[in-house]
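Residue-level structural notes
So you can see what is in the structure, the chains are spelled out below.
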Amino acid sequence: ALDCDDGHPCTDDLCDPELPEPCSAPSFTGCLIDAVCFAEGDGAPHNPCLVCDLGVSPTAWSPSDLAMGLPCDDGDPCTEGDTCSDNGGCYALTDVLCDDGLSCTADSCDVETGSCIFTVAEGCLIDGACVGDGVVSTDNPCVFCDPAQDPQGWSPASEGEMCHAYPGGTAV
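Note that this is a predicted model, so its numbers are computed, not measured.

**Some words on the environment of A121**
Inspection of the secondary structure assignment puts A121 in the loop between β13 (116–120) and β14 (124–126). Look past the residues within four positions of A121 in its chain and what remains in contact with it is C104, T105 and A106.

Set out below in structure tokens:
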């Protein structure tokens, strides 16, 4: 006796010894996706926007009309409000807003962690305030903003420069 059983409970295996290929393509009672059986209407384990829909495909996930607009995760931690679309995809409504309100920083989102990153882009960021390149401290004329030395702190004046009227100031 010819055995055409493919071992999948979601297929009705057809067997006809009179045909050149006696085990023909099975008819499906559920979806067979990646060698796993799923019942009609089952959701994809990796994407809530897709379902087993025999009317569309018995061997691939199909977009779900019922899932449209439902929350999902697009896998990007730098997006918010992810929802299912009509094509079965998961799309973000907005990007995570990273804005520290400082003009001297470049603000971005780390795609690995979803954390905001604020990088000094021009001048210095000292004590939470933007300071222009070359600006001398009002508290200590012996230090100034030099982003090449330290973009987040005061840098000492170069050797030979005088610390003008600063009490105890000397040439550095």
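Moving on from the coordinates now.
**A short note on the nonpolar core**
Within the largest apolar cluster, 7 residues are counted, these being C31, I33, F38, A44, L50, C52 and W61. Of all elements in the fold, only β3 (31–33) and β6 (47–53) reach the threshold of two or more residues within this core. In this view, I33 contacts F38, T59, A60 and W61; residues no more than four positions away in its chain are not counted. Residues C49, A67, C72 and C84 belong to the second largest nonpolar core, which totals 5 residues.

**Describing unusual backbone geometry**
Excluding glycine, a negative phi dihedral is what most residues carry, and trans is how most peptide bonds are arranged. Positioned with a positive phi, A35 is a non-glycine residue whose angle comes to about 65°. For A35, the location among the structural elements is in the loop between β3 and β4 (36–38). Despite not being glycine, D127 shows a phi value in the positive range, around 55°. Tracing the backbone shows D127 in the loop between β14 and β15 (129–131). Under the relative-accessibility criterion, D127 is labelled exposed at 78%.

Cut-off values and rules
Starting afresh in each chain, residues are numbered from 1 along the sequence in its written order. Residues qualify for local features only when their pLDDT is at least 70, as the model is predicted, and side-chain atom pairs are given and counted only at 80 or more; totals for whole chains, interfaces and linings, by contrast, use all residues. The side-chain numbers reported here are obtained from all heavy atoms of the structure, hydrogens and water having been left aside. The way it works is that DSSP assigns letters per residue, a run of H or I at least four long becomes a helix, a run of E at least two long becomes a strand, and they are numbered from the N terminus. For this analysis, residues touch if any pair of their heavy atoms sits within 4.5 Å. We call a set of buried Ala, Val, Leu, Ile, Met, Phe, Trp, Tyr and Cys residues a nonpolar core when their side-chain atoms join them within 4.5 Å. A simple rule labels every residue: compare its accessible area, found with a 1.4 Å probe on the protein chains alone, to the largest value its type can have, and call it buried under 20%, exposed over 50%, or partly exposed in between.

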